[in-house]
Amino acid sequence: MRLSTLNVNSIRKRAPLVREFLDRAQPDLLFLQELKCKTEEFPGDAFADSGYRWHAVGQHGGRNGVAVLSKLPFEVVAEVLPGEDEDTHARYVEVAAGGARLAGIYLPNGNSGGAEGYAYKLRWMQRLRTLAAERLEDTTPYAILGDFNVCPTALDLEPGALPPTDALVRPESRSAFRALMHLGLTDAVRALHPEERLYTYWDYGAAFNANRGLRIDHVLLSASLAERLDKVEIDMSLRSQEQPSDHTAVTVTLR
DNA sequence: ATGGCTACAGCATGTAGA
């Protein structure tokens, strides 16, 4: 089974790029973040003859939004991360597919909205940890894929790419990420490339050519899936295209 | 650090991204 994640930064702008990626990479499931559209605006026509079925969770106001596209039959298990009343952010989609439970997430950035914006990010991480702990009580293989908006360690950003006060690298953000990992999840990229500088995001402008990047898009695997981990791929070609997303795709292959 | 990018709402800039 092959699983991919990609922050598209507007699916309406990037539908052809996503289609090209599916045709070429052929993941069984692809999780998308930052649709920046309403559910009914998802450009499903671009995938009509692709062999993939899709499910989108959009949001009004052109913010957030997550989706999944799948070659395998799947059932949508959740569209909301539990734990907070009146959370209208479209940041979570969870499916059952291929005998596994798979969550696609768009974790809050945390740099906007002042103290409350950052507090929301930390609460969201706590809520995710609570739900992940629940899922891991079950023996069903489990994975969380998506844009975590956290550089877990100093190896996960080009030195100087962010100030130490940035919400992506603040100690509380990293601590919350570690707390999630300590439930027994494996960072797929780090399992196979423990010391390599690998990035999944480069700011628009000069950052890509200078490789001033961040590793913030992650695939976390339960023990049963980590045992099956065969390969991880970070698709640099997506970021080199005309009018790319500022992120690129991460794909894991499981035996 | 920020906006020098980019996208969106909506039509002038403001907000967000990371």
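Residues numbered from 1 in each chain as written. Chains lettered and ligands numbered in written order. Predicted model: local features only at pLDDT ≥ 70, side-chain atom pairs only at ≥ 80, totals over all residues. Heavy atoms only, no water.

Per an unreviewed UniProt entry, chain A goes by Exodeoxyribonuclease III and derives from Roseomonas haemaphysalidis. Under the UniProt heading Sequence similarities (unreviewed entry), the entry covering chain A gives this text: "Belongs to the DNA repair enzymes AP/ExoA family." (UniProt positions renumbered as here; feature names shortened; annotations may be inferred.)

A.B. asks: Would you explain the sheet that holds strand E12 (residues 217-221) in this entry?
C.D. replies: Strand pairs in the sheet, formed through backbone hydrogen bonds, run parallel or antiparallel to each other. Reading across from one edge, E5-E6-E7-E8-E12-E9 is the order of the six strands in this open sheet, with mixed pairing throughout. Both outer strands of the open sheet, strand E5 (74-78) and strand E9 (186-187), are each paired with one neighbouring strand and no more. Set on the sheet, helix H3 (residues 171-181) makes contact with strand E8 (142-147), E9 and E12; between it and E12 the angle comes to about 25 degrees. (Pairing = 2+ DSSP bridges. Helix = DSSP H or I, 4+ residues; strand = E, 2+ residues; numbered from the N terminus. Contact = heavy atoms within 4.5 Å. Axes fitted to C-alpha atoms, helices over the stretch in contact; angles between N-to-C directions.)

A.B. asks: Looking at this model, I keep getting lost on the packing of aromatic side chains. Mind explaining?
C.D. replies: Inspection of the entire model under this criterion finds four aromatic pairs. Aromatic ring contacts, followed pair by pair, group Phe42, Phe47 and Trp54 into a single cluster. Lying across the ring of Tyr118, Arg170 places its NZ or CZ 3.9 Å from the centre. (Phe/Tyr/Trp six-rings, centres within 6.5 Å; stacked < 30°, edge-to-face > 60°. Lys NZ or Arg CZ within 6 Å of the ring centre and 35° of its normal.)

A.B. asks: Help me out: how do you make sense of the protein's contact with DNA strand B in this one?
C.D. replies: DNA strand B sits among 26 residues. The nearest are Ser10, Asn109, Ser112, Asp203 and Leu214. Among atoms of DNA strand B positioned within 4 Å of the protein, sugar and phosphate together represent 85%. The separation between a phosphate oxygen of DNA strand B and a polar side-chain atom of Glu34 is 2.9 Å. Take the surface near DNA strand B: its biggest share by element is three residues, from helix H1 (residues 11-25). Residue classes in the surface near DNA strand B are distributed as seven nonpolar, 10 polar and nine charged. (Near = heavy atom within 4 Å. Polar contact = N/O pair within 3.5 Å; in protein donor to acceptor, adjacent residues only side chain to side chain. Nonpolar A, V, L, I, M, F, W, Y, C, P; charged D, E, K, R; others polar.)

A.B. asks: Can you help me understand the nonpolar core in this one?
C.D. replies: If you look at soluble globular proteins, the nonpolar side chains tend to sit buried side by side. In terms of nonpolar packing, the biggest core is built from 27 residues, with Leu3, Leu29, Phe31, Leu102, Leu221, Val252 and Leu254 touching the most fellow members. When sequence neighbours within four positions are dropped, the list of residues in contact with Leu3 reads Leu29, Leu102, Leu145, Val250, Thr251, Val252 and Leu254. Grouped together as the second largest cluster of nonpolar side chains are 22 residues, Tyr120, Met125, Tyr142 and Leu185 included. (Core = buried A, V, L, I, M, F, W, Y, C linked by side-chain atoms within 4.5 Å. Buried < 20%, exposed > 50% of the residue type's maximum accessible area, 1.4 Å probe, protein only.)

A.B. asks: Where do I start with the pairing of E8 in this structure?
C.D. replies: Note on strand geometry: in a regular strand, side chains alternate between the two faces of the sheet. With six of six residues buried, E8 lies mostly within the body of the structure. With six bridges joining them, strand E7 (residues 100-106) and E8 adopt parallel strand pairing. Residue pairing for E8: Ala103 is matched across the bridge by Ile144. Handedness of the crossover joining E7 and E8 through helix H2 (residues 114-137) is recorded here as right-handed. Judged from the five bridges that link them, E8 and E12 form a sheet pairing that is antiparallel. Paired with Leu145 across the bridge in E12 is Val219. (Right-handed = clockwise from strand over helix to strand, strands pointing away.)

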